[in-house]
Amino acid sequence: MITYDDEIVCAPRAGTLYDVLELILDRGMVIDVFARVSLVGIEILKVDARIVIASVDTYLRFAEACNRLDLEHDVRSKTVPELFGGPAAKTMAKAGARRTARSLTSKVRDILSPEAAEEDEIRTRAPARRRREPEEEPPRRRPAPERRRPAARPRGDEDERTRPRARRPARED
Amino acid sequence: MTGTATTVDTLYVYGIAPAGVRPPDTPGVGGAPVRLLTAPELCAAVSGAPERVRARRRDLAAHQAVLDELLAQGPVLPMRFGVLSTDPAALRTQLRADRDDLTAQLDSVRDCLEMNVKGTAVPGHFADLVRRDEKLRVLARRTRQRPDYEANVRLGEALARGVRREARRAAGEVLARLTPLAVRVAGGPLDEERVLSASFLLRCGDEQRFREEVAALAGRLGDRLALSVTGPLPCYSFVAARPAGTGR
């Protein structure tokens, strides 16, 4: 389970190049007598990337989360307690949104520079290696010693706790 | 004209500024050095065009960086990405012909900047949705009693609609709060997830206040709507797409 610090999550995200792509591509001035390179395809690809979200998978995830709610007792409650487990509920949801944004960004990034991934200087928050990791991984920016500190980290850390801290020395054998 | 074949004379045009600005140090599209082509009262930031112009991330960023540097010096009319001029003489002629219009447009964005705010629907708050929506409650109960794939998809779809509705409502509120701070507002394309996309033309002095307002809104509505704010940007959304003198 991802636990972002509340203050970080509640601040507006600083936009990336991706966020202003349509301004750079579709707004701004054009002078007719000049040539303008046509960039056919980009708009369509943007739409494709978004349609992925409104998918059956998403619906099933939502339904599953809803099925976990205690409808009979919690329906009158003022808070959103059972959904993702206590105070993490809000941040979880937002982390979800972020993940969505991340995967979109990387998708569009791939589209923009398909043949040369290394030219990608503007790093989004989606380092490629994170893609393969399960959602439980806490954000990288959290310094290592702090990782065990937060008390309300329901799961995902057990793995680390039971494992001795000997990660660096190669233990392949 | 994908991959327009360019000649040595072809110029990539970044934007138009009043005469007298310093040439940007930032390398341009394709890494080419940026220079200023001057005409009376106006100048255009240009560089040699690469052999093929494509919307590569690095080049989009370069386009943006050159304009940022000009913006730091004063008003600038940003060109869209990928505008080429066949030769310097043609560009000078154009600047002369459109001078009045371009100068007026520069005046209209003087001491202004563009801030772009986007809002994406945040899924969650299902308990809240279910509590407030009788139909959803019935659907949720029924799904629980008779859980099957079909029912779950329907429930999930209804929840997704609720999430979107909440996000749109929040987006309306954001727009209503931010609009009074701006000189002009320009909307952008929306879809199911992106329920808010707007550019705000601000007086330079109002940027801080604007940011604070966005931060406050993000804190208050953040469980429904994730906001991102980009800027200060050159005023892409607040220049006429075509100068009055040219074309249609």
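This text follows the structure it describes.
Everything in this summary refers to the structure shown in the same document. Quick caveat: nothing in here was measured; it's all calculated off a predicted structure.

Okay, the side chain of B:Thr26 next. Residue and element names in this part refer to chain B. Tracing the chain through its elements places Thr 26 in the loop between strand S1 (11–18) and strand S2 (35–39). Of note is the side chain of Thr 26, whose polar atom sits 2.2 Å from the side chain of Glu 69. Those residues in contact with Thr 26 that sit more than four places away from it in its chain are Val 34, Ala 65, Val 66 and Glu 69.

What follows deals with the side chain of B:Gln105. Considering the arrangement of structural elements, one finds B:Gln105 in helix H3 (residues 99–108). Overall, B:Gln105 belongs to the buried group, its relative accessible area being 9%. Beyond its immediate stretch of four places on either side in the chain, B:Gln105 contacts A:Met29, B:Leu77, B:Val239, B:Ala240 and B:Pro243.

Turning next to the packing of aromatic side chains. Residue and element names in this part refer to chain B. This structure, assessed with the given rule, holds 4 aromatic pairs over all chains. Ring centres of Phe 200 and Phe 210 lie 5.2 Å apart, and the angle between their planes is 55 degrees; this geometry places the pair in the tilted category. Pair noted here: Phe 200 is in strand S8 (residues 194–203) and Phe 210 is in helix H7 (residues 207–221), with a separation of 10 residues, a long-range link. As far as the burial class goes, Phe 200 and Phe 210 line up, both buried. Through a chain of ring-to-ring contacts, three or more aromatic side chains come together here, namely Tyr 12, Tyr 14 and Phe 81.

Per the counting criterion, the structure on display carries 20 salt bridges over all chains. A:Glu22 is paired through a salt bridge with B:Lys118; the nearest N and O atoms lie 3.2 Å apart. Placement of A:Glu22 in helix H2 (residues 21–26) and of B:Lys118 in strand S6 (residues 112–121) is noted, with the two residues assigned to different chains. Residue class for A:Glu22 comes out buried when judged on its relative accessible area of 7%.

About the cut-offs
Residues numbered from 1 in each chain as written. Chains lettered and ligands numbered in written order. Predicted model: local features only at pLDDT ≥ 70, side-chain atom pairs only at ≥ 80, totals over all residues. Heavy atoms only, no water. Helix = DSSP H or I, 4+ residues; strand = E, 2+ residues; numbered from the N terminus. Polar contact = N/O pair within 3.5 Å; in protein donor to acceptor, adjacent residues only side chain to side chain. Contact = heavy atoms within 4.5 Å. Buried < 20%, exposed > 50% of the residue type's maximum accessible area, 1.4 Å probe, protein only. Phe/Tyr/Trp six-rings, centres within 6.5 Å; stacked < 30°, edge-to-face > 60°. Salt bridge = Lys/Arg side-chain N within 4 Å of Asp/Glu carboxyl O.

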